[in-house]
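One-letter residues, chain by chain:
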Amino acid sequence: MEMMELLGRYVPDTPVYAKIRAGRDVREEAVKLARMGVKCIIIEGSLSLEEDVDVPIALSQVNDALVKGINSQTGNILRNEVKIAVRTKIRNPRDIFALNCLGADAAICNPGELIAGSSYARQLSLVLGMRAEIGTLMGAAGLSMMNSVIGNRGILRADHYVPKEIAELLGVDFIGT
């Protein structure tokens with residue numbers, strides 16, 4: 001808390017970003033950071049169950065907590081004051097789209113991790129291709145603006161490979177419901 005007060009006093013217009021690890025107490029930690037005035041929370045972890053809590057579940061929990069949380073000073077909903085970014089291994093554009101649907105404003109991806117030893121031109125081509133595919137996924141969902149994707153879990157559906165408990169934690173319905 002002291003650090004946030006010092007930053008607010010000496011550099012008031014500088015946005016503060018905080019990185020947290022996906023874990024069991026990620027929800028409480030995110031709400032605490034948002035109430036302290038952090039402008040962006042970066043959730044870091046894995047897409048698989050290698051972690052204590054994997055990133056999609058942590059992201060879903062953080063988004064829910066910030067939507068329900070109120071800033072006691074301004075009376076605003078915390079989610080309207082804080083951006084959520086996710087740093088994890090991205091396998092394809094569908095991962096980014098799913099993370100956006102679960103509540104991420106941004107997915108931090110290093111194109112060098114996807115194409116080892118590649119040139120800047122190849123990395124740029126990859127990013128532009130991913131952007132085009134995300135646009136295609138948005139079009140298939142009937143959406144034209146990214147703001148309508150962020151936090152819209154109604155777009156996602158779980159199939160028989162996803163355990164019921166995981167789908168409930170994510171807030172995602174099963175196919176056909």
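For the structure, see preceding data.
Report follows, based on the coordinates. (Residues numbered from 1 in each chain as written. Predicted model: local features only at pLDDT ≥ 70, side-chain atom pairs only at ≥ 80, totals over all residues. Heavy atoms only, no water.)

**Description of the overall build of the chain**
Line of reasoning, step 1. Within the chain, the secondary structure is distributed over seven helices and six strands.
Line of reasoning, step 2. Its helices and strands in sequence order give the chain the pattern α-β-α-β-α-β-α-β-α-α-β-α-β, from N to C terminus.
Line of reasoning, step 3. Each of the three principal axes of the chain carries a C-alpha extent, and together these read 45 × 45 × 35 Å.
Line of reasoning, step 4. Counting all 177 residues of the chain, 38% fall into the buried class.
Line of reasoning, step 5. Counting contacts in the chain only where the partners sit at least 6 residues apart, residues at least 24 apart contribute 53% of the total.
Line of reasoning, step 6. For the chain, the accessible area works out to roughly 10,500 Å², and carbon and sulfur atoms hold 54% of it.
Line of reasoning, step 7. Computing the positive centroid from 20 side-chain charges and the negative centroid from 21, the chain places the two 4 Å apart. (Helix = DSSP H or I, 4+ residues; strand = E, 2+ residues; numbered from the N terminus. Buried < 20%, exposed > 50% of the residue type's maximum accessible area, 1.4 Å probe, protein only. Contact = heavy atoms within 4.5 Å. Areas by Shrake-Rupley, 256 points an atom, 1.4 Å probe, with all protein chains shown as cover. Lys, Arg positive; Asp, Glu negative; His and termini not counted. Charge placed at Lys NZ, Arg CZ, Asp CG, Glu CD.)

**Side note on the sheet that holds strand S2 (residues 40-44)**
Pairing between the strands of a sheet comes from backbone hydrogen bonds, and it takes one of two forms, parallel or antiparallel.
Line of reasoning, step 1. Ordered in space as S1-S2-S3-S4, the four strands form an open sheet in which the pairing is parallel. Where the open sheet ends on each side, the last strands, each with one partner, are strand S1 (17-21) and strand S4 (106-108). Averaged over all adjacent pairs, the angle separating strand axes in this sheet is 25°, with direction ignored.
Line of reasoning, step 2. Sheet analysis places strand S3 (residues 83-87) next to S4, joined by three bridges and oriented parallel. Bridge pairing in S4 links Arg 87 to Ile 108. (Pairing = 2+ DSSP bridges. Axes fitted to C-alpha atoms, helices over the stretch in contact; angles between N-to-C directions.)

**A short note on the pattern of salt bridges**
Line of reasoning, step 1. All chains considered together, the criterion is met by six salt bridges.
Line of reasoning, step 2. Note that Asp 64 and Arg 153 form a salt bridge whose closest N and O atoms lie 3.0 Å from each other. Here Arg 153 lies in the loop between helix H6 (120-140) and strand S5 (157-158) and Asp 64 lies in helix H3 (residues 55-68), a separation of 89 residues in the sequence.
Line of reasoning, step 3. Its relative accessible area of 13% is what places Arg 153 among the buried residues.
Line of reasoning, step 4. A salt bridge links Arg 91 to Asp 95; the shortest N-O distance between them is 3.1 Å.
Line of reasoning, step 5. When its relative accessible area of 58% is taken as the criterion, Arg 91 is described as exposed. (Salt bridge = Lys/Arg side-chain N within 4 Å of Asp/Glu carboxyl O.)

**Remarks on the environment of Arg 24**
Line of reasoning, step 1. By the secondary structure assignment, Arg 24 is in the loop between S1 and helix H2 (26-36).
Line of reasoning, step 2. Residue classification places Arg 24 among the exposed positions, given a relative accessible area of 64%.
Line of reasoning, step 3. The spatial distance from the C-alpha of Arg 24 to the C-alpha of Ala 106 is 22 Å, given a sequence separation of 82 residues.

**Focus: the packing of H2 against H3**
Helix packing for two helices is described by the angle between their axes and how far apart those axes are.
Line of reasoning, step 1. One can describe the packing of H2 onto H3 by two numbers: an axis separation of 9 Å at closest approach and a directional angle of 45°. In terms of their interaxial angle, H2 and H3 are classed as oblique. Judged by the twist between their axes, the crossing of H2 over H3 is right-handed. Residue-level contacts link Val 26, Arg 27, Ala 30, Val 31 and Ala 34 of H2 to Ala 58, Gln 61, Val 62, Ala 65 and Leu 66 of H3.
Line of reasoning, step 2. Partitioning the contact of H2 with H3 into residue classes produces eight nonpolar, one polar and one charged. (Parallel < 35°, antiparallel > 145°, perpendicular 65-115°, else oblique. Left-handed = near helix turned anticlockwise from the far one by under 90°. Nonpolar A, V, L, I, M, F, W, Y, C, P; charged D, E, K, R; others polar.)

Geometric values such as these leave the question of function open.
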